[in-house]
Amino acid sequence: MGVVFDASFGDSLDDLLALSLLYLLDSKNECRVAAMTTTKPNLGSAGLYEVYQKLYGGRPMAIGMCTSGQGKETGSLLAAAVEGQTISVKSEIDTAEPHGLIRNVLQAYHDGNAAILSTGPGGNLKDLLGLPTALPVVKSKVKVLYAADAPANWPTPVVKVTAEMGAGLNYQPKAEDFAWAEKHPVALALAKEPNAKLNRAAMVAVLKVVRGAEFQVTDAVLQELVAAKPAPRQRMRFFGD
Amino acid sequence: MMTRKALSRRTMLRGAGAAIALPAMDAMAPALRASQLPGPKPVRMAFVYVPNGIDMRNWTPAADGPLTAELPRILKPLEPFKKDITILSNLTHNGGRALLDGAGDHGRCCGGYLSGVQPRKTFVDIKAGISMDQIVANQIGSKTRFASLELGLEDARQAGDCDSGYSCAYTNNLAWRSETQPLPPILDPRVLFERLFGTGAELSPEARAQRAKYRRSILDFVMGDTRKLEADLGPTDRRKLDEYLSSIRSIEQQLERAEKDNSIINPGMDKPYGVPADFAEHFKLMTNMITVAFQADLSRVVTFLVTHEGTSRPYREIGIADGHHPLTHHMNKPELIEKVTQINTYHAQQFAGWVEKLKAAKEGDSNVLENSMIVYGAGLSDGNRHTHEDLPTLIAGNGGGYIKSGRRITARRETPMSNLFLTMMDRMGVQVDHFGDATGRLAGLDLA
Amino acid sequence: MVCLGVPALGYGQAHDFSGTVKPLLTKSCSPCHNDRNASGSVNILPFTAAGSIHEAREDWERIVNKVRSGEMPPKGFPRPEQAQIEQLLSFVKAEWDKADAKVPQDPGRVTARRLNRVEYTNTIRDLFGVEFRADQDFPTDDSGHGFDNIGDVLTISPLLMEKYLNAAERISARALGLDPLPKKPIEIELHSKDKRIRRVAPSLIEGTHRVEWDGEYDIEIGLPGERASGKPVALGFWMDGKLLHTQLIETKPSGLVYFNPYSAERFRLFLPAGEHRFRAGFMDDEFLKTLPPEDLYKDKKNKFLNMIKLVGPFATKQEPASRKALLTCDPASGTACIEKILGGLARRAWRRPVTTAEVKSLAKFVGLAKAEGQTAEQGLQVAMTAMLVSPHFLFRIERDLYPKDPSRTHAITQFEMASRLSYFLWSSMPDEELLRLAEKGTLKDSLDAQVKRMQADGRSAALAANFAGQWLETRNLNSVKPDPKKFPEWNPELRDAMQEETRLFFEEVLRKNLTARTFLDANFTFLNETLAKHYQIEGVSGPDFRRVDLKSNQRGGVLTHASVLTVSSYPTRTSPVIRGKYILQNIFGAPPPPPPPDVPLLDEEKVGSNGPLRKQLEQHRTNAMCASCHNRMDTLGFALENYDGTGKWREKDGGFDVDASGTLPTGKAFANPAELRMVLAGDMTEFAQNLTEKMLTYALGRGLERFDRRTVTGLREKWAGDDYRFQTLIFEVVKSLPFQTKRAEYKKQEVAKK
């Protein structure tokens, strides 16, 4: 199952935690992070994705970044998370167009074996639908869309991501949880903004996408997974790999 | 400048790629006919494709923007022309990737290079997509004697399969007339010569007109016969005969065009004898003829599959005895990478020779190069890892004052190469909304 | 035949399935092949459902093959008891047999096939007696399923259509002798100083030239030098290997004073148009043996050759045979004659009777020519051109009797059978006897006699050239390029000799009706001096080929032919992997799946210095997932390591002793190539199956589908009953259901991909 992660990345702590969770599940082979796109026309946002990919040993991939619209500013959370990180995304051309990227990536999945999680504004999703060659791909490959702002004519089942999804949960991440990494973005962000607002909906959405809509999300589960260190990757290595 | 060669009655042979001078002909029009006409010159388009990827470390210029610094090693042969070339980075063909079909990157990257779609993984019921040069040829081909020309230098393998489940049709052809009909390249310079400039035993204009009349009659006759036949056939059989019919129609169109413009072109070179053993000689012969063909406006759309995708051709001409394809799986051994780079540079050298000829071919107050868009590229970037992004691509020429050349343009990552094709099609006068997997036009090419 | 309703398959076997099959799958297969970790893209979960045996039959067959051959589970993983495996295999086979028995046999259908290059060349030769080499002019045909005569794959492009038109014009002109010759003859000089002449041997030179027109040519051979006590010697002139002319020439000094002695011999011959290889040389030149090598080209010590000159064409005085054959009456005499000529020709060209209307519409071209002021003969030429670009000529189309009902099969017509037979066995058009029998309606009853006659006919050499050339991939000899540094003995003579050996060997098995086992292991082959030297076999001299009984078991069978060994090697060295794949693909018909994309190539420098090739390739077998295929492949390839990259025998490979021993996954062991051949020849089942499939594919011109399986198995069993004698296979193929019957096309159903 491949998951496309789309967010206004870097604006809210929820998203940072959600991606940590998603990548953790990826390292346990429960899913694959298929693509990461941001609706913020902000290089730091794209760069932060790259940090995650390297940190969790994910497959190197291009990052989708929207180049217009809202969200240009770097909030304090984002600034903290990227501080001191080595990022190779230096300009717009180091990123990809989100709609083409998502379409390309979806084509590598079997029918019904991909899902999209979008926690922020639905601009990238709308662009995706607007791309003529993408519509049939979305229809056949995407099992479900979890979105906060789904476009009206989305062709597959949609689950709306709302703040209520996180209701009843009290999981509070601590910077020390992420100490297994030298400069984990969440740890850096928490250090700067220990009281950042959390509604946990994004993390719940991640678990529902990967483990099924009926999966019961509890604080214990979040505690166990969100900050956990990723399992080492097993891959066939060839010479010069 | 083109010179008129004296044609002698005696025939002489010279060295490799030897030529036969034609017996004297009567009605020969100078080759420069089209070039001397006033008015805007037609835009020509060509694709030169090299296989098995390119050593990107020695291809990609260090910086974006104007090519002021010295060009990297593989591009060095083009140094004298660097104001006329544009290097493009980050163009991608997603259709070349495995997606769901496993191994077969060579079949896919070549079969889908000009069509922007992933070819079907099969030996028999081949399906790629119509290639963009044919879309252009369909639109503007009626203006020239030949709607398009397809060339190559390497003959196809005669037996066995070609790439992990993909039919040889994908790696042996660059241009596709329809999703099931590839256009095989001409390999023999003699054949190309005869096609463009006529066969040796030339006829008088009356005789030629008579022959054309007979041919049209014959074609009408067989078309009628075929239609009668088709009525009782199953769908697949009918498709085969449709290919036949459409090929006949295209010859009819050629005949019509040839009639309107009845002159024979004097190419200013002797007819090649056959296929030269030497790679550089072969390359030169073929491209020289295309230069003349452009000047005489015999065609405006050319695809050139230099050697097959996945070829194992050794390059003894430069002292490399190992096959090209095995070398590109170099295990990161420096000696092997070095050989690959040498092959890449050798190819670029031949290409630079052609660019030089195109630039020297004057047209009005510019030259053929300025009025053309010659794309030189490969279907893979890293031949070892079979990557399909950041495909090495450069355009020589300005497309008739449209491209601001002399720089490197880096697109966003994963930008489909089909975006470039859409832009080029615009320039060739073909308006399409979508092509292949394009997400829009390629920005930044113009701004002249 | 009326189709039965969809057969109701008994799913009552479900309990057997869950007893025999499911537990085995779950225990042995699912650890690697499951939902999360689908090794090799295989997830065994869907196959644990009983119905999958029928629904996913093709995939199940692959599973069965892998389990039976021991490839799965891979070495090092726990393997179930052999008894359990047997149970699984026999259960599955029983299920399939039951299902198959309920379904009427499907003969399939062949798409309209255009003539490929070889077929075009041969058809023109048989139709007119004109030599036209399509492979020098037309673009290469695409191949599918290993052959270039597959209807679905052959396409027509505008380029090809142009070539057909040009060729048709030219051929009809040449056939009628109307090809306009240039006003003055042209002189072509092939001289050794221009490198246009290749010195094949001290007294033999060769040059290639494309002759543009049929006609007579003055041929002049340049002979510098003199022999002091020279006796006359026979000078021979060959074209494409055929001796055209000999004459006795003087070699002693002429008595005149020359600084550089020189003489030339001239003779006039008819040469057909096309690209030809010309050779001139001395025959039985005893004098050469008395000469030390340094004197060979000293013009005071020896007479030799250095030039071939061709001047022409000159109009021939006699009527070309093709013209005589065509003009059975004088076309100027009127419509009756014209229609007679065109009618007779069209019947042969279109391979069926022609209607009066068709003849009349062809005759219209003569009228058109006359209106243009040309002669009736020239009009005939135009009509013939039309005939040769007509779809009736270029395509072999078979009609559907019941186009709307694909479940109804029917026999093909007599004429369709005539074409199928002739293009199968001769790669050319039906001859007069076949056409006559078809007209009488008795062809299909006399198949045995006809096939026998056709096999004995010289034209059946086409089977060796085309079927064997593609099955054994020896056609690739024209494009391989062994490194001259590593293989200095490689030259066009050796290459041609290799090809000839395999061709003659195949023909021998065919003509003498030997058992197909001979391909795998034989005690004879065909050699000439060049090849014998290559094989280090004594006692063979001269350029001609002859059958040679083999004294040692170093050679014998196609796997020891230099042709096969060369096309399955790299330019600079052997490759056990390629050879193993070759054997799996062409002998067993079980090609391995492709490798993953990132696999690196062997380190060329290391090969031969650090350790034997075997050790280098051990890498393949250390990783279990790679080993699953490479165990079988590499082992087979290593058995042939005694033969280097051009097929020479060797005991050492770059300093290391060659170790050609091994054990197949089935457990059979061998110590050297000869023993491998015995092992292979010991069990003919897979080989026979493969050869049957290939022959059927070639004969039908389409790939085989699932429904052909019963045909293939039936053919093979019948063939086994005759100890696999080769001609029997051909007879059985001709008699088989798909060769004799066909059906209409089903509507395209999308095959559900997983």
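Just above, that's the structure.
Residues numbered from 1 in each chain as written. Chains lettered and ligands numbered in written order. Predicted model: local features only at pLDDT ≥ 70, side-chain atom pairs only at ≥ 80, totals over all residues. Heavy atoms only, no water.

Things to note about the overall build of chain C
And then number 1: Secondary structure summary: chain C contains 28 helices and 19 strands in total.
And then number 2: Radius of gyration (C-alpha) of chain C: 31 Å, near the 27 Å computed for a compact globule of 754 residues.
And then number 3: Taken along its principal axes, the extent of the C-alpha atoms in chain C is 100 × 75 × 45 Å.
And then number 4: The 754 residues of chain C split such that 55% are buried.
And then number 5: Sequence separation of at least 24 residues holds for 72% of the intrachain contacts in chain C that already meet a minimum separation of 6.
And then number 6: Element-wise, carbon and sulfur atoms account for 54% of the exposed surface of chain C, whose accessible area totals about 32900 Å². (Helix = DSSP H or I, 4+ residues; strand = E, 2+ residues; numbered from the N terminus. Rg over C-alpha atoms; globule rule 2.2 N^0.38 Å. Buried < 20%, exposed > 50% of the residue type's maximum accessible area, 1.4 Å probe, protein only. Contact = heavy atoms within 4.5 Å. Areas by Shrake-Rupley, 256 points an atom, 1.4 Å probe, with all protein chains shown as cover.)

Quick notes on the interface of chain B and chain C
And then number 1: Chain B puts 72 residues into the contact, and the matching count from chain C is 85 residues.
And then number 2: In this assembly, chain B and chain C are joined by 4 salt bridges.
And then number 3: Across the salt bridge formed by C:R109 and B:D237, the nearest N and O atoms sit 2.9 Å from each other.
And then number 4: Across the chain B-chain C interface, the total number found is 20 residue pairs in polar contact (both at pLDDT 80 or more).
And then number 5: The set of elements that each furnish at least two residues to the side of chain B that touches chain C consists of α3 (168–172), β8 (182–183), α4 (189–197), α5 (205–230) and α6 (235–260) of chain B.
And then number 6: Counting residues per element, the side of chain B that touches chain C draws most heavily on α5(B), which supplies 13 residues. (Salt bridge = Lys/Arg side-chain N within 4 Å of Asp/Glu carboxyl O. Polar contact = N/O pair within 3.5 Å; in protein donor to acceptor, adjacent residues only side chain to side chain.)

Considering helix α24 (residues 673–682) of chain C
All names here are of chain C.
And then number 1: For α24, a buried count of 7 out of 10 residues is recorded, marking the element as mostly surrounded by other parts of the structure.
And then number 2: For α24, the set of buried residues is P673, A674, L676, R677, V679, L680 and A681.
And then number 3: A side-chain oxygen of the first residue of α24 lies 3.1 Å from the backbone nitrogen of A674; this N-cap is N672.

Concerning the pattern of salt bridges
And then number 1: The final tally for this structure, using the stated rule, is 81 salt bridges over all chains.
And then number 2: Among the salt bridges present, the one from B:D437 reaches A:R103, with a minimum N-O distance of 3.9 Å. In this pair, B:D437 sits in the segment after α10 (417–427) while A:R103 sits in helix α4 (residues 98–106), so the two residues belong to two different chains.
And then number 3: Between C:D126 and C:R459 there is a salt bridge, and its shortest N-O distance comes to 3.8 Å. Of the two residues, C:D126 sits in helix α5 (residues 117–128) while C:R459 sits in the loop between α15 (447–456) and α16 (461–471), which places them 333 residues apart along the sequence.
And then number 4: Owing to a relative accessible area of 22%, C:R459 belongs among the partly exposed residues under this scheme.

A short note on the side chain of B:T328
And then number 1: Structurally, B:T328 is set in helix α8 (residues 324–328).
And then number 2: Residues within four places of B:T328 in sequence aside, it is in contact with B:N52, B:V340, B:G383 and B:N384.

Considering the environment of C:G344
All names here are of chain C.
And then number 1: Considering the arrangement of structural elements, one finds G344 in helix α9 (residues 335–349).
And then number 2: You can call G344 partly exposed: its relative accessible area is 34%.
And then number 3: The sequence separation of G344 and V354 amounts to 10 residues, and the corresponding C-alpha distance is 8.7 Å.

Some points on unusual backbone geometry
And then number 1: Note the cis peptide between C:G312 and C:P313, where omega equals 0°.
And then number 2: Position of C:P313 relative to the elements: it lies in strand β10 (residues 307–314).
And then number 3: Unusually for a residue other than glycine, B:N52 sits at a positive phi of about 60°.
And then number 4: Considering the arrangement of structural elements, one finds B:N52 in the loop between β3 (44–50) and β4 (65–66).
And then number 5: With phi around 55°, B:H386 is a residue other than glycine that occupies positive phi space.

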